[in-house]
Amino acid sequence: MMRLCATLLICLLGSLGSVHAAPGRHPVWSVGYHEMTFLDPLDLQPMRAIAFYPSSDREHTSLLEGYKVEAGEDTKVAIGRFPMLMLSHGNTGTPIALHDLATSLARKGFVVVAVIHPGDNSKDHSRLGTLSNLYGRPIQISEAITATLGDPMLSPFVNADQVGVIGYSAGGETALILSGAQPDLDRLRRYCLERPDDRDACNTQGELIVDRDDLQPVADSRVHALLLMAPLSLKFGRHTLADVHVPVLLYSGDGDKLVAFDKNAAALARKLPTAPDFKLLAGAGHFVFMAPCNEEQIRAMPALCTDADGVDREDIHRNLISEAGQFFSRTLGKPSRAGMQTADQ
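Residues numbered from 1 in each chain as written. Predicted model: local features only at pLDDT ≥ 70, side-chain atom pairs only at ≥ 80, totals over all residues. Heavy atoms only, no water.

## Observations concerning the overall build of the protein
Counting its secondary structure elements, the protein contains 9 helices and 11 strands. Here the protein has a C-alpha radius of gyration of 22 Å; the compact-globule value for 345 residues is 20 Å, and the two agree. Along the first, second and third principal axes, the C-alpha set of the protein runs to 95 × 45 × 45 Å. Put simply, of all contacts in the protein between residues at least 6 apart along the chain, 76% involve residues at least 24 apart. As presented, the protein carries roughly 16,100 Å² of accessible surface, and 54% of it is formed by carbon and sulfur atoms. (Helix = DSSP H or I, 4+ residues; strand = E, 2+ residues; numbered from the N terminus. Rg over C-alpha atoms; globule rule 2.2 N^0.38 Å. Contact = heavy atoms within 4.5 Å. Areas by Shrake-Rupley, 256 points an atom, 1.4 Å probe, with all protein chains shown as cover.)

## What about the layout of surface pockets?
Looking at the largest pocket, its volume works out to about 610 Å³. Forming the boundary of the largest pocket are 36 residues, of which Gly90, Asn91, Thr92, Gly93 and Asp200 lie nearest the centre. At the level of secondary structure, the elements contributing two or more residues to the lining of the largest pocket comprise helix H3 (131-150) and helix H4 (170-178). Broken down by element, the lining of the largest pocket gets its largest block of residues, 3 residues, from H3. Of the residues in the lining of the largest pocket, the class split is 16 nonpolar, 14 polar and 6 charged. In this structure, the second largest pocket encloses a volume near 290 Å³. Along the wall of the second largest pocket there are 21 residues; nearest its centre are Asp256, Lys257, Leu258, His286 and Phe287. (1 Å grid on protein atoms, 1.4 Å probe; cavity = no way out; pocket = protein on both sides within 12 Å on 5 of 7 lines; lining within 4 Å. Points joined across faces, edges and corners; volume = space filled by probe spheres on them. Nonpolar A, V, L, I, M, F, W, Y, C, P; charged D, E, K, R; others polar.)

## So, the state of the cysteines
Taken as a whole and assessed by the stated rule, the structure comprises 2 disulfides. The disulfide partner of Cys192 is Cys202, and the gap between their sulfur atoms is 2.0 Å. Between Cys192 and Cys202, the disulfide has an S-S torsion of -90 degrees and is therefore left-handed. With Cys192 in helix H5 (residues 185-194) and Cys202 in the loop between H5 and strand S9 (223-229), this residue pair connects regions lying 10 residues apart in the sequence. (Disulfide = S-S within 2.5 Å.)

## Describing H3
The terminal C-alpha atoms of H3, which comprises 20 residues, lie 29 Å apart, in line with the 28 Å expected from a rise of 1.5 Å per residue. Maximal helix bending in H3 amounts to about 35 degrees, located at Arg137; proline Pro138 follows within four positions. Where burial is concerned, most of H3 is hidden: 15 out of the 20 residues are buried. (Expected span 1.5 Å × (residues − 1). Bend = angle between axes of the 7 residues up to and from the residue. Buried < 20%, exposed > 50% of the residue type's maximum accessible area, 1.4 Å probe, protein only.)

## Digging into unusual backbone geometry
The phi dihedral of Glu65 falls on the positive side, at around 50 degrees, and the residue is not glycine. Locating Glu65 in the fold gives a position in the loop between strand S3 (62-64) and strand S4 (67-69). At Ala230, a residue that is not glycine, the phi angle is positive and equals roughly 45 degrees. Relative to the helices and strands, Ala230 resides in the loop between S9 and strand S10 (248-253).

## Structural notes on H5
Of all the positions in H5, only Leu188, Tyr191 and Cys192 are classed as buried. Relative to the axis of H5, the buried residues are bounded by an arc of 95 degrees and lie together on one face. Two or three places before Asp186, at the start of H5, stands the capping residue Asp184, its side-chain oxygen 3.0 Å from that residue's backbone nitrogen. (Arc of directions from axis to C-beta. Polar contact = N/O pair within 3.5 Å; in protein donor to acceptor, adjacent residues only side chain to side chain.)

## Quick notes on the packing of aromatic side chains
Any aromatic ring pair is given by two values, namely how distant the centres are and how the planes are angled relative to each other. Across all of its chains, the model carries 6 aromatic pairs by this definition. Both rings, one in Trp29 and one in Phe82, keep their centres 5.5 Å apart while their planes meet at 85 degrees; by these two values the pair is edge-to-face. You can see Trp29 sitting in the loop between helix H1 (2-21) and strand S1 (30-39) and its partner Phe82 sitting in strand S6 (residues 82-88), a full 53 residues away along the chain. Across the pair, Phe82 and Trp29 agree in class, each one buried. A centroid spacing of 6.2 Å and a plane angle of 65 degrees characterise the contact between Phe110 and Phe328, whose relative ring orientation is edge-to-face. Placement of the pair is Phe110 in the loop between helix H2 (99-107) and strand S7 (111-116) and Phe328 in helix H9 (residues 313-332), with a sequence separation of 218 residues. One exposure class covers both Phe110 and Phe328, and it is buried. Three or more aromatic residues joined by ring pairs make a cluster, and in this case those are Phe110, Phe327 and Phe328. (Phe/Tyr/Trp six-rings, centres within 6.5 Å; stacked < 30°, edge-to-face > 60°.)

As structure tokens, then:
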């Protein structure tokens, strides 16, 4: 009997050991957000960014710029070192319009920093159509990377070696410049002669306002991967993209009436030195990448919220979020606990 008990005890201890040795489940995180203010490198005036991050706190819902966002302000940051994704919005837009992508990626273990570009956002159009906007936006993203790495709340939890950029519409142009692309302004002039009715790209008839002659396109070697959605990319030819060597996940709808699909995403996919992972959405328009709208938003912004027949924005976003998470995990790496000292940090 004693021998049988001893045998059972050994088996029990062995099974407990195997349980402890098994890999742990993926953490379940909520989402927090943290507002940052730092100086715009163009004029040293304050600019803003909102960082969405994995949180170990309970679930919260907040109202940001009229959007209900599944995140709580300055909730406890989850323990770990997380890859960092910079989000650059479109002309006259707001990154909060892509809040579901930002918060969903935060749940997956990314810190997503949504930058509000001064002079080119939903409340301020003062730099629209200017040279300072074209070349200044990437510099602003670089400054936001530096600001996040120096932020007292976030810096212990982000990995400086794991930085990607999400660019939507004009934000795609910004992301490409950060990765080494060089805009060719003659391409814009020729395009606007060919398609003068393009009110988005040709609102200044193909001639950017030269408000600053001291700026140049500046790449940032800290950027290691790009997610581009309906990117404005007609200023880039094959030779001006030659220095872009980071992996790219590219999305576009072939029903885009604002940023011409054939001259932008489709042409970009052919010209990048390394072929991107290109996802073409049949029938989808330019605004399909904004978060699905509620009934109030549909009434207030029907042009931004209404998709073509057969286009399921919610399904597109489920796939986009899943594929974006896999892409950035593969290209940047996953969260780690390296350098974290205690669970109370």
